[in-house]
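Descriptive structure summary
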Amino acid sequence: MKYESQKVSFWFFATCMLLLTLQIVYGFIMGFDRIGLDVLHDWIPFNAARATHTNLLVVWLLTGFMGAAHYIIPEESGRELFSVKLAYIQLISLILVGVTAIIGFHFNWWEGRKFLEIPRPLDYLVVLNVLTFLANIILTMWNGKKHTTTGIVLVMGLLFAALLYLPGMIWFDNQTLDSFFRWYVVHLWVEGVWELIMGGILAFLLIKLTGVDREVIEKWLYVIVGLTFLSGVLGTGHHYYYIGAPKYWLMIGGIFSILEPLAFLAMALFAINMYRKAGREHPNKLALYWTLGCALTSFVGAGLLGAAHTLPQVNMYTHGTLVTAMHGHMAFWGAYAMLVLAIISYSMPLLTGRKIYNNKVGLYAFWLSNIGMLGMTVALAVAGIAQVYLERKYGMDFLAVQKEIEIHFVVMLICATMFATGIGLYIANFIKYGGPVGQVTEEGDNYFEEAVA
Amino acid sequence: MLSKNQARTFFVVGTVFFTGVFFYLSYDTVVNHVDKQTNSQNMSAEVVRGKRLFDENNCMGCHTIMGEGAYYAPELTKVYERRGPDWIDVFMDDPEAMFPGERKMVKYNFTKEEKADLIAFFKWVGEIDLNGFPPEPDKGAFASTVITTTGSAAVEEKPSKWSLCSACHSLGGSGGNVGPALDGVGNKFDADYLRKWISDPQSVKPGTAMPKLPLSDAEREEMVEFLSKLK
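Computed from a predicted structure; not experimentally measured. Within every chain, residues take consecutive numbers counted from 1 along the sequence as written. Ligands are numbered from 1 and chains lettered from A, in the order in which they are written. Reporting of local features is limited, given that this is a predicted model, to residues whose pLDDT is at least 70; pairs of side-chain atoms are given and counted only at 80 or more, and all residues count toward the totals for whole chains, interfaces and linings. In computing side-chain properties, one takes all heavy atoms of the structure into account and sets aside hydrogens as well as water.

1. A few points about the nonpolar core
To form a nonpolar core, buried Ala, Val, Leu, Ile, Met, Phe, Trp, Tyr and Cys residues must be joined to one another through side-chain atoms within 4.5 Å. In this scheme, a residue with accessible area under 20% of its type's maximum is buried, one over 50% is exposed, and one in between is partly exposed, where area comes from a 1.4 Å probe on protein chains only. By size, the foremost hydrophobic cluster in this structure holds 222 residues, and its most contacted members are A:Trp189, A:Trp194, A:Ile201 and B:Leu227. Helix and strand definitions here come from DSSP, where helices need a minimum of 4 consecutive H or I residues and strands a minimum of 2 consecutive E residues; each element is numbered from the N-terminal end. No other element matches the 23 residues that helix H6 (residues 175-210) of chain A contributes to this core. Each domain span listed reflects an automatic or database assignment of domains. Each of two domains, domain 1 (44-126) and domain 2 (145-228) of chain B, supplies a minimum of three residues to this core. Among all residues touching B:Leu227, those that are not within four sequence positions of it are B:Trp162, B:Leu182, B:Val185, B:Gly186, B:Leu194 and B:Ile198. Residues are treated as being in contact if the distance between any of their heavy atoms lies within 4.5 Å.

In structure tokens:
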């Protein structure tokens, strides 16, 4: 670590761990609801658990991105963070707004629009909060000694993510328009600008972990984000097939969203090739596992499993079934959750000065969580496909179908237990690192730079 | 080999171009198509209030509408057509009474007006042109429903609150499949039994899934008379 102010990211990452734990708890509540064990129904009905589960996901990932930015941007700009105090104020206010929103969900206070459930007054606070964060990051970069592509792509991703929150704050009376612009936020986040953030963080990690020349990595970074927008922007059309928008979206959405896996494929190939090019191994094996794991799993979860039901002919039957939940779980895990866990694994030894690079706990955490998530995805896939045939093809009653597929949620719960054990181990390692008391060194983490020199 | 500058140009030009196309198509959708496809002229004050209620209570947190939501509870796009206004009105008063022992729904204590708003919203949503969604089930592939039309049932007028029955029971091949089919029910039970059964199912058969329907005396008599004639 080169700059004292990078240490704030420790607190962002610690918040991530806390919110992720809570997200998993709510996931279990929903899993048990689905097998008929809904004893919490009177206090936490399914819609409250669901809104909490997905919003916690979004908040902990964003907190992770912010933590990553606080770590990466000083280093990529060659200076201390603009204001450490502002960063703490921003983190604390983010937590306060988030906690208020989640408590509100339990008292029927929300907007009830999928993924954007946070009630309107709090939306304004979120905007204020994100502006504070962006100001801090952009000012750091503006006055920086250098401006790198990695830094610029990351900041652009964060900036556009903030801008794209706004279409979700327009009131519409028409359900179709409401949905149309809701996807401006949700789709263009996860299949658009979040991939810029992902590309930026991955590029930073690969530069640090493989020692491959920055120019080469950043060139491919442009190609990847180029492919993302080439396919992803018009790929939004796959949300517009069946919500009352015109028919041409079937063709446009179909063609462009079937191309979306390309960006993820490029990302996976890029990561693996850079890893192969590395002259020697960086000692931080855990960070390397999560980084390569992220690139590969995102291709499977976000790329392939998304493509599996993105064509309009298929989506006509899978739209609004558990097939979507299947894709959602592995996509978010692979592309974004693993990315945040990768940057945490990379930066923690530097932030805390405790070199946990390759321990058993960390490896078990990686494999258990990944195999657990794969199992959950398969269980949801089987449930989803059965639902499609029974309900959509054969016209069976909804609740009768749900009874038929209950068993798959038992399987899902077993796999979720495995997943949660993995995350538990990850957090155990996180705690073992201790506080942010790492040494600030003149040269920072230049494991490879000396080799080059 | 591709240079970094060329890669950057590819990114910038591609992004700007496709974003431009996307904005143009969005504009076209909003201005030229949505009003027609959604029959926006039918969006009365009731419909709009209904949508707000739908959002304020996060109905999407369990149900799906136009295929969007949480997959825990039934798709509501065609609920007006499937259940009818009477059924929805009764159901929302006490959802668990309608499906005892099944997956639970929160009891929202909506007023009569609020229920009417929601029903108006469902009716409007059901009429949106969704490019063919939801797909019609392929009943031919699953021909387990034996269609038996009993002489009188086919022609006779259904009782006024029939939608409450047909949500779960079928008659002449149409209706739900939660409870047994009602074809020939008049052969099995007489009017007295049917009256007692409909008035309080639990007293006749404790633990039954059949809910106690909120029918007026006249409506119940009409129902009993109709059912006992199904021979």
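We are not done yet, so read on.
2. Some details on the packing of aromatic side chains
Note on aromatic contacts: the rings of Phe and Tyr and the six-membered ring of Trp form a pair at centre separations within 6.5 Å, being stacked when their planes are under 30 degrees apart, edge-to-face when over 60 apart, and tilted otherwise. Enumeration according to the criterion identifies 49 aromatic pairs over all chains in this entry. Where B:Phe54 meets B:Phe121, the ring centres are 5.4 Å apart and the plane angle is 50°; that geometry is what we call tilted. Within this pair, whereas B:Phe54 is found in helix H2 (residues 45-56), its partner B:Phe121 is found in helix H5 (residues 112-126), the two being separated by 67 residues in sequence. In terms of burial, B:Phe54 and B:Phe121 fall into one category: buried. Clustering of aromatic rings is evident, with ring pairs tying together A:Phe172, A:Phe180, A:Phe181, A:Tyr184, A:Tyr240, A:Tyr248, A:Trp249, B:Phe22 and B:Phe23. In our convention, an over-ring charge means Lys NZ or Arg CZ found within 6 Å of a ring centre and within 35 degrees of that ring's normal. Across the ring face of A:Trp183, the terminal group of A:Arg182 is positioned such that the distance to the ring centre comes to 4.9 Å. Looking at B:Arg103, its charged tip hangs above the ring of B:Tyr72, at a distance of 4.1 Å from the centre.

3. Some details on unusual backbone geometry
Residue and element names in this part refer to chain B. The residue after Phe-133, namely Pro-134, is reached through a cis peptide bond having omega -10°. Relative to the assigned elements, Pro-134 resides in the loop between H5 and helix H6 (151-155). With a phi close to 50°, Asn-109 is a non-glycine residue in the positive phi region. Along the chain, the position of Asn-109 falls in the loop between helix H4 (95-98) and H5. Residue classification places Asn-109 among the exposed residues on the basis of a relative accessible area of 60%.

4. Things to note about the interface of chain B and chain A
Each partner contributes to the interface: chain B provides 72 residues, whereas chain A provides 81 residues. By buried area we mean the combined loss of accessible area, with a 1.4 Å probe, across both parts when two parts are placed together. Interface of chain B and chain A: buried area, both sides summed, is about 6,800 Å²; carbon and sulfur atoms make up 63% of it. The largest share of the area that chain B buries against chain A comes from B:Lys4, B:Phe22 and B:Tyr71, three residues that together contribute 12% of it. Should a side-chain nitrogen of Lys or Arg be within 4 Å of a carboxyl oxygen of Asp or Glu, the pair is scored as a salt bridge. Where chain B packs against chain A, one counts 7 salt bridges. Taking the shortest distance from any N to any O, the salt bridge between B:Lys104 and A:Asp38 comes out at 3.3 Å. Within the residue set of the side of chain B that touches chain A, elements represented by two or more residues are helix H1 (4-37), H2, strand S1 (64-65), strand S2 (68-69) and H5 of chain B. No other element matches the 19 residues that H1(B) contributes to the side of chain B that touches chain A.

5. Observations concerning the packing of helix H10 (residues 285-308) of chain A against helix H12 (residues 322-352) of chain A
Residues and elements named next belong to chain A. Two elements in contact, H10 and H12, have axes whose closest approach is 8 Å; the angle formed by their N-to-C orientations is 160°. Viewed along their axes, H10 and H12 adopt a mutual orientation that is roughly antiparallel. Pair H10 / H12 crosses with left-handed handedness. Residue composition of the contact of H10 with H12, by class: 17 nonpolar, 9 polar and no charged. Axis definition: a line fitted to C-alpha atoms, over the contacting stretch in the case of helices. Angles run 0 to 180 degrees between N-to-C directions. Put simply, angles under 35 degrees are roughly parallel, angles over 145 are roughly antiparallel, angles from 65 to 115 are roughly perpendicular, and the rest are oblique. Handedness of each helix crossing follows the sense of rotation of the near helix against the far helix: counterclockwise by less than a right angle gives left-handed, clockwise gives right-handed. All residues other than Ala, Val, Leu, Ile, Met, Phe, Trp, Tyr, Cys, Pro, Asp, Glu, Lys and Arg, Gly among them, are scored as polar; the first ten of these are nonpolar and the last four charged.

6. Digging into the domain arrangement of chain B
All names here are of chain B. When cut into domains, chain B gives domain 1 (44-126) and domain 2 (145-228). Between domain 1 and domain 2, the C-alpha centre-to-centre distance is 24 Å. A buried area of about 830 Å², summed over both sides, lies between domain 1 and domain 2, and 67% of it is on carbon and sulfur atoms. At the boundary of domain 1 and domain 2, one finds 0 salt bridges. As used in this structure description, the phrase polar contact means that two N or O atoms lie within 3.5 Å; if the pair is within protein, one of them must be able to donate a hydrogen and the other to accept it, and residues adjacent in sequence are counted only when both atoms belong to side chains. Taken together, domain 1 and domain 2 are joined by 0 residue pairs in polar contact (both at pLDDT 80 or more).

7. Description of empty space enclosed by the protein
Which parts of space are left empty comes out when a probe the size of a water molecule is rolled across the atoms. Every definition here rests on a 1 Å grid over the protein atoms only: cavities are sets of points where a 1.4 Å probe fits but cannot get out, pockets are open sets enclosed by protein on both sides within 12 Å along at least five of seven lines, and lining residues have some atom within 4 Å of a point. Grid points are joined across faces, edges and corners, and a volume is the space filled by probe spheres set on the points. The final tally for this structure, using the stated rule, is 5 cavities of 30 Å³ or more. Lining the largest cavity, in full, are A:Leu286, A:Trp290, A:Ile344, A:Ser345, A:Met348, A:Gly362, A:Ala365, A:Tyr426, A:Asn429, A:Phe430 and A:Tyr433. For the lining of the largest cavity, the element with the most residues is helix H15 (residues 406-433) of chain A, which contributes 4 residues. As a volume, the second largest cavity reaches approximately 50 Å³. What lines the second largest cavity is A:Gly112, A:Arg113, A:Lys114, A:Gln175, A:Asp178, A:Ser179, A:Arg182, B:Lys51, B:Phe54, B:Asp55 and B:Met60. Counting residues per element, the ones that place at least two in the lining of the second largest cavity are H6 of chain A together with H2 of chain B. Counting residues per element, the lining of the second largest cavity draws most heavily on H6(A), which supplies 4 residues.

8. Things to note about the pattern of salt bridges
Residue and element names in this part refer to chain A. For the structure shown, the criterion picks out 27 salt bridges over all chains. One salt bridge connects Glu-75 with Lys-208, and the closest N-O pair in it is separated by 2.8 Å. Taken together, the residues span a long stretch of sequence, with Glu-75 in helix H2 (residues 46-77) and Lys-208 in helix H6 at a distance of 133 residues. Classification of Lys-208 as buried rests on a relative accessible area of 10%.

9. Overview of the packing of H6(A) against H12(A)
All names here are of chain A. At a closest axis distance of 10 Å, the pairing of H6 and H12 adopts a crossing angle of 35°. Judged by the sense of rotation from one axis to the other, the crossing of H6 with H12 is left-handed. Each of Val-190, Trp-194, Glu-195, Met-198, Ile-201, Leu-202, Phe-204, Leu-205, Lys-208 and Leu-209 in H6 lies in contact with H12, whose residues at this interface are Phe-332, Ala-335, Tyr-336, Leu-339, Ala-342, Ile-343 and Tyr-346. Residue composition of the contact of H6 with H12, by class: 15 nonpolar, no polar and 2 charged.

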